Amino acid sequence: MKKFNIQYFAILRECAGIDSEVVESNVATPAELFVELTRRYDFPDMATVKVAINDEFGDWQAKLQDGDSVVFIPPVAGG
Amino acid sequence: MIEFSIADKKFQPETERERIARPSCGGYVSFEGWVRDHNEGHKVQRLEYQAYEALALKEGSRIMAEAAERFPIENASCIHRVGELEIGDLAVWVGVSAGHRDEAFKACRYIIDEIKHRVPVWKKEYYEGGDSGWVNCEACASHASE
């Protein structure tokens, strides 16, 4: 099992009910991790979620490493 | 000086303006984004901004560097608020100084447009009547009302 450090923001933080957690999982990619967490927390179906790996925008199909930090980014609304 | 920062308290744009001024600059353009009392037919009472700070600072700094590369400006700064904001509060400030006005206008416009689309900052509106919603997230609204 790999461990991932997950931070939640905005709507995803509200759905999860927590700011951050360590998740143990065998998933290979952020895409698989998001599906797993969506089952757990009933995240809304959003067309345009992005992902960040270790505080940098990442690819949904990237190979996750043990200890990676992962953040899912719902549609932004700055300004 | 080309910088992007996040503020969790009110700040004074006049102070920031002084930091940007240079004897070589003939023009200064600033933009202030304020909290508006309505949005898409709803009466807004207050706002909350949340930021993924580590990435927001990186992406914000990249946007500032892009502006400095595209337009011949001297200094540029952008500050984005997070936390609880009231109607009329300053939510985002951009200031640009340059030798001439044209590049200052263009750089300022570039910065605020890119910031709104790319920096991981989220805005939650609290409406009259008790509803609330994350802006730009239609699925979030329908999800919340299920």
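This structure is a prediction, so every number in the text was calculated from the model and none was measured. (Residues numbered from 1 in each chain as written. Chains lettered and ligands numbered in written order. Predicted model: local features only at pLDDT ≥ 70, side-chain atom pairs only at ≥ 80, totals over all residues.)

**What to know about the overall build of chain A**
We count it as follows: A run of DSSP states H or I qualifies as a helix once it reaches four residues; a run of E qualifies as a strand once it reaches two. Both are numbered from the N-terminal end. The globule rule is 2.2 Å times the number of residues to the power 0.38, and the radius of gyration it is compared with is taken over C-alpha atoms. We call a residue exposed when 12 or fewer other C-beta atoms sit within 10 Å of its C-beta, buried when the count reaches 20 or more, and partly exposed for counts in between; the C-beta positions come from the backbone. Note on contacts: each residue gets a C-beta atom placed from the backbone, and two residues are in contact if those atoms are within 7 Å.
A count of helical and extended segments in chain A gives two helices and five strands. Along its sequence from the N terminus, chain A presents helices and strands in the succession β-α-β-α-β-β-β. Rg of the C-alpha trace for chain A: 12 Å, near the compact-globule value of 12 Å for 79 residues, within the 12% margin. By its C-alpha atoms, chain A is 35 × 25 × 20 Å across when sized along the principal axes. Expressed as a percentage of the 79 residues in chain A, the buried residues total 29%. Put simply, 53% of the contacts in chain A that link residues at least 6 apart link residues at least 24 apart.

**Side note on the overall build of chain B**
Each helix and strand in chain B was counted, giving four helices and nine strands. Dimensions of chain B along its principal axes, counting C-alpha atoms only, are 55 × 25 × 25 Å. Counting over 146 residues, chain B shows a buried share of 34%. A fraction of 74% describes how many contacts in chain B between residues 6 or more apart in sequence connect residues 24 or more apart.

**Some points on the interface of chain B and chain A**
We count it as follows: Gly is placed with the polar residues, together with every amino acid not listed as nonpolar (Ala, Val, Leu, Ile, Met, Phe, Trp, Tyr, Cys and Pro) or charged (Asp, Glu, Lys and Arg).
Counting residues at the interface gives 24 residues for chain B, matched by 16 residues for chain A. Elements with a contribution of two residues or more to the side of chain B that touches chain A: α2 (53-70), β7 (90-98), α3 (101-118), β8 (121-127) and α4 (138-144) of chain B. Split by residue class, the side of chain B that touches chain A holds 16 nonpolar, five polar and three charged.

**Details of the packing of α2 of chain B against α3 of chain B**
Residue and element names in this part refer to chain B. Selection rule: Between N-to-C directions, angles span 0 to 180 degrees; the directions come from axes that are lines fitted to C-alpha atoms, helices contributing only their stretch in contact. Orientation labels follow simple angle bins: below 35 degrees gives roughly parallel, above 145 gives roughly antiparallel, 65 to 115 gives roughly perpendicular, and whatever is left gives oblique. Handedness of each helix crossing follows the sense of rotation of the near helix against the far helix: counterclockwise by less than a right angle gives left-handed, clockwise gives right-handed.
Remark: α2 packs on α3, axes separated minimally by 10 Å, with the N-to-C direction vectors making an angle of 155 degrees. It follows from the interaxial angle that α2 and α3 lie roughly antiparallel. Seen from above, α2 lies across α3 with right-handed handedness. Here E59, G60, I63, M64, A67 and R70 of α2 come into contact with α3, specifically with A107, Y110, I111, E114, I115 and R118. Partitioned by chemical class, the residues of the contact of α2 with α3 number seven nonpolar, one polar and four charged.

**Some words on unusual backbone geometry**
A positive phi angle, near 55 degrees, is found at A10 of chain A, a position not held by glycine. Residue A10 of chain A is classed as buried on the basis of its 27 C-beta neighbours within 10 Å.

**Quick notes on the pairing of strand β1 (residues 2-7) of chain A**
All names here are of chain A. Stated formally: By definition, two strands form a pair when at least two bridges between them are found by DSSP.
In this sheet, strand β2 (residues 20-25) lies alongside β1 in antiparallel orientation, the contact comprising six bridges. Following the sheet pairing, Q7 is matched in β2 by S20. As paired elements, β1 and strand β5 (residues 69-73) share three bridges and run parallel to each other. Across the sheet, Q7 pairs through a bridge with V71, a residue of β5.

**Looking at the sheet that holds strand β1 (residues 2-7) of chain B**
Residue and element names in this part refer to chain B. Strand order in the open sheet made by the four strands is β1-β5-β7-β2, with mixed pairing throughout. Strand pairing shows two members of the sheet lacking a second neighbour, β1 and β2 (27-34), which therefore form its edges. The mean angle between the axes of side-by-side strands here comes to 10 degrees, regardless of whether they run parallel or antiparallel.

**Re the confidence of the model for chain B**
Which entries qualify depends on this criterion: Looking at any residue, its pLDDT shows the predictor's confidence there, from 0 to 100.
Summary statistics for chain B give a mean pLDDT of 95 and a share of 95% for residues scoring 70 or more. Per the prediction output, this complex has pTM 0.94; the corresponding ipTM is 0.96.

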